[in-house]
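Observations on chain architecture
Now for the letters of each chain:
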Amino acid sequence: MPWRPWWKPGSMSRTDGGPPPPQPGCGLLPERRLFGIAACAGVAIGPVFRTTEAPPQVTRHKIHASDIQAEGARLDAAVLRSRKQLMKLRSRLAVLPEESQGEIAPLLDAYIQMLGPSRLLRGVRTRIEERLVSAETAVMEEANAIAATLTAASDDTHAARQADEVREIGRRLVRNLTRAPFRSFAGAVQGAVLIAESLRPSDAALIDPARIAGVATEEGGTDGHTAILLRALGIPSVLGVPGLLSGLHAGVTAVVDGVVGTVILNPDNASLSGARRAVASFARDRQRLSRLRRLASVTLDGEAVSLQANLELPIELPMVAQSGANGIGLLRSEFLFMNRDTVPTEDEQARSYRNVVETMSGDTVTIRVLDWGGEKEIEALVTAGMVPELIDSNPALGLRGIRLLLRQPDLFETQLAAILRAAHAGPVRVLLPMVTNVAEIRAAKAIYRRVADRLRERGAALPATLPPLGIMVETPGAALCADVLAAEAEFFAIGTNDLCMYALAVDRGAMEVAELYDPLHPGVLRLIRMTITGAASHRIPVSVCGEMAANPDMTPLLLGLGLRSFSTNASAVPRVKQAVRGTTIGDCERLTSHVMQQSDSEQIRDALKTFGHSSAY
Ligand code: PEP
Ligand code: MG
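Since this is a predicted model, take the numbers as computed values, not measurements.

Some words on the coordination of the magnesium ion (ligand 2)
Within the protein, Glu474 (OE) and Asp498 (OD) serve as the donor atoms for the magnesium ion (ligand 2), at 2.0 to 2.1 Å. Residue glutamate 474 is located in the loop between β13 (469-473) and α15 (476-480), and its partner aspartate 498 is located in helix α17 (residues 496-504); the two are separated by 24 residues in the primary sequence. Neither glutamate 474 nor aspartate 498 differs from the other in exposure class; each is buried.

Here it is, written out as structure tokens:
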């Protein structure tokens, strides 16, 4: 009997009540168990939705002869980017069983070859120059023409496969040329498991958590912004899974286990029942934790600890309300700028910020001004000519955060004006990202005051005293100079994600070095301690808003270091509160003084584990 997917993609709408219950492996397709990085806890079972299926939309676009050179340069950049992506995939094949390597490697080699001096690229360039079409038009037309010639010449499977390969490389080039959101997820059935080669943060921002049950990707690391967003949306996810896409059929059942970091494709009966039990146990756990919402966040010896939420997308606001968070400790405003063609105006921004401030009804909202750069690409800024193309720079060390804002005063002033207008509706703080020196704070302050004066002249309603202006401490340079920066900043928010990345020289979003990305490295802990000491020297408040704050195993350590203010994704708030309520500051301080004497993070991890077992939570 020929194999047919048990699930017909697209045949159900949301109101159908979800997909039929998942079926165990159909027998013809064996179960495949793959391993990756656990990015968001939880277990999802559902039909696979592959994001690479639909080809990117290209409308035929003519150019002027004077644009030929520029189109050629765009093509070169897209070829370079595509090659890098494929080489990266190629370099990771070693972790797969030999027979899988044997299957996938030749395919990747064929793709890489087509990105060299190939008939495809020669044809694309000729089309740009002679037919005067845009690079993406030329790529699609040339790839389709070659594929058609191949299949017309022969009807054997080899020719058909080659034609598919040419079309696939064409799609990759077009994706990299258009930089459009990787994929629309509209075609996914409710309860689907989204599977992709990679997801950019802006792609992840488009995921509807009510529709997508789980996510798995071939690329990605634990504290990249995609992982952060997936946690914010509470979608069980496993990233960095080598071999995930090879031979994958849409519609087969997948189990994503975001606790252990596995993806099971075509699960057998035993795996499916195990996954169902895990789903039920998670639901019970969530129910139990939700009861903590109304309880105070205090330690056993009566020390109050502020637990706030990080916010990226408006869709998270109801989750923040349910979590029991007492404010927004980090509003990552860059998501307001993503997935749109133009930069949001002052009015648009003011409306969005005011909406959050009003929803938080009196609880403080800390709005971080645009942290562009690193892996956070924003097409609207590229289109507006406000930022360089990311392709050939080292983006994490480049024009990120405050550096860009100081070079684009219009962008900065517009955002500050919008925030100040929203501050009329409730308590707000303004947070500057990626600060490394005092001059940046001083320059930002001068602009901030100027914007406030201008708004007052315009007759805008502003709070009597300007909202505090603070900084992210997320580079080693800032942490080492925390005492100096504390003289200028009104508060600190410790960004442990970047702090860890820059301190250890490990890309937070890369899977190849994921095991080296270690917030418990003694070097990172010393930088955190220096930051807290620096803040204390000028009596300014300090909070922690990186992913470390969301890990309840690390709560006692952070309390022992002196932190009393945490900001985490909304779903982590109850767990952290549970950790706070189960310990005393005295015990935390004893733990921390022991931890700070250890020479490596394994010992530190053991100490935290032992502490966790011995304490009440
Ligand atoms: C951080 O770096 O820890 C942080 C909170 O900022 P982001 O994750 O947005 O870079
Ligand atoms: Mg950061």
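Some words on the packing of helix α4 (residues 135-153) against helix α5 (residues 157-178)
Direction vectors running N to C along α4 and α5 enclose 175 degrees, while the axes themselves pass 8 Å from each other. In terms of their interaxial angle, α4 and α5 are classed as roughly antiparallel. Contact residues: Ala135, Glu136, Val139, Met140, Ala143, Asn144, Ile146, Ala147, Leu150 and Thr151 in α4; Ala159, Ala160, Gln162, Ala163, Val166, Arg167, Gly170, Arg171, Leu173, Val174, Leu177 and Thr178 in α5. A per-class count over the contact of α4 with α5 returns 14 nonpolar, 5 polar and 3 charged.

Considerations on unusual backbone geometry
The backbone phi angle of asparagine 266 is positive, close to 55 degrees, even though this residue is not glycine. Among the structural elements, asparagine 266 can be located in the loop between β8 (262-265) and α8 (269-290). You can call asparagine 266 buried: its relative accessible area is 8%. Its identity as a non-glycine residue notwithstanding, alanine 505 has a phi of 55 degrees, on the positive side. Turning to its location among the elements, alanine 505 is positioned in the loop between α17 and α18 (522-537). We classify alanine 505 as exposed; its relative accessible area is 72%.

Quick word on the pairing of strand β9 (residues 306-311)
Burial within β9 is extensive, with 5 of its 6 residues counted as buried. Across 4 bridges, β9 lies against strand β16 (residues 565-568) in parallel orientation. Opposite serine 306, over in β16, you have serine 565 as the bridge partner. Pairing of β9 with strand β10 (residues 328-332), which is carried by 3 bridges, proceeds in the parallel orientation. Counterpart to alanine 309 in the pairing with β10 is isoleucine 328.

Let's talk about the pattern of salt bridges
Within the structure shown, the criterion is met by 33 salt bridges. Where glutamate 547 meets arginine 231, a salt bridge forms, and the shortest distance between an N and an O atom there is 2.7 Å. Here arginine 231 lies in helix α7 (residues 225-233) and glutamate 547 lies in the loop between β15 (542-544) and α19 (555-560), a separation of 316 residues in the sequence. Judged by its relative accessible area of 10%, glutamate 547 falls in the buried class. Taking relative accessible area as the criterion, arginine 231 reaches 12% and is therefore assigned buried. Measuring nitrogen to oxygen at the nearest pair gives 3.8 Å for the salt bridge that ties arginine 456 to aspartate 453. Of the two residues, arginine 456 and aspartate 453 both sit in helix α14 (residues 438-457), 3 residues apart, roughly one turn of that helix. Here the residues in one salt-bridge network are Glu334, Arg368, Asp371, Arg400, Asp498 and Arg508, joined through shared partners.

A word on the environment of proline 468
Its place among the elements puts proline 468 in the loop between α14 and β13. Sequence separation between proline 468 and valine 428 is 40 residues, and the spatial gap between their C-alpha atoms is 7.7 Å.

Quick word on α7
Most of α7 sits out of view: 9 of its 9 residues are buried. Listing the buried residues of α7 in full gives His225, Thr226, Ala227, Ile228, Leu229, Leu230, Arg231, Ala232 and Leu233. Just past α7, the residue glycine 234 takes up positive phi, approximately 70 degrees.

Quick word on the site of ligand 1
Close to ligand 1 lie 17 residues; Arg332, Arg368, Gly495, Asn497 and Arg508 are nearest. In this structure, arginine 368 approaches ligand 1 through a side-chain N or O atom, which is 2.7 Å from an oxygen atom. In this structure, an oxygen atom belonging to ligand 1 sits 2.6 Å away from a side-chain N or O atom of arginine 508. Considered on its own, ligand 1 offers 290 Å² of accessible surface; in the complex 100% of this is hidden by protein. Because more than half of its atoms lie within 2 Å of the grid, ligand 1 is assigned to the largest cavity. Within the residue set of the shell around ligand 1, elements represented by two or more residues are α7, β10 and α17. Looking at the shell around ligand 1 element by element, the count peaks at 3 residues for α17. For the shell around ligand 1, the class distribution of residues is 4 nonpolar, 5 polar and 8 charged.

Re the packing of aromatic side chains
All chains considered together, the criterion is met by 0 aromatic pairs. Sitting over the face of the ring of phenylalanine 491, arginine 429 holds its NZ or CZ atom 3.7 Å from the ring centroid.

Procedures and definitions
Residues numbered from 1 in each chain as written. Chains lettered and ligands numbered in written order. Predicted model: local features only at pLDDT ≥ 70, side-chain atom pairs only at ≥ 80, totals over all residues. Heavy atoms only, no water. Donors = N, O, S within 2.8 Å, 3.2 Å for Na, K, Ca; no water. Helix = DSSP H or I, 4+ residues; strand = E, 2+ residues; numbered from the N terminus. Buried < 20%, exposed > 50% of the residue type's maximum accessible area, 1.4 Å probe, protein only. Axes fitted to C-alpha atoms, helices over the stretch in contact; angles between N-to-C directions. Parallel < 35°, antiparallel > 145°, perpendicular 65-115°, else oblique. Contact = heavy atoms within 4.5 Å. Nonpolar A, V, L, I, M, F, W, Y, C, P; charged D, E, K, R; others polar. Pairing = 2+ DSSP bridges. Salt bridge = Lys/Arg side-chain N within 4 Å of Asp/Glu carboxyl O. Near = heavy atom within 4 Å. Polar contact = N/O pair within 3.5 Å; in protein donor to acceptor, adjacent residues only side chain to side chain. Areas by Shrake-Rupley, 256 points an atom, 1.4 Å probe, with all protein chains shown as cover. 1 Å grid on protein atoms, 1.4 Å probe; cavity = no way out; pocket = protein on both sides within 12 Å on 5 of 7 lines; lining within 4 Å. Sits in = over half its atoms within 2 Å of the grid points. Phe/Tyr/Trp six-rings, centres within 6.5 Å; stacked < 30°, edge-to-face > 60°. Lys NZ or Arg CZ within 6 Å of the ring centre and 35° of its normal.

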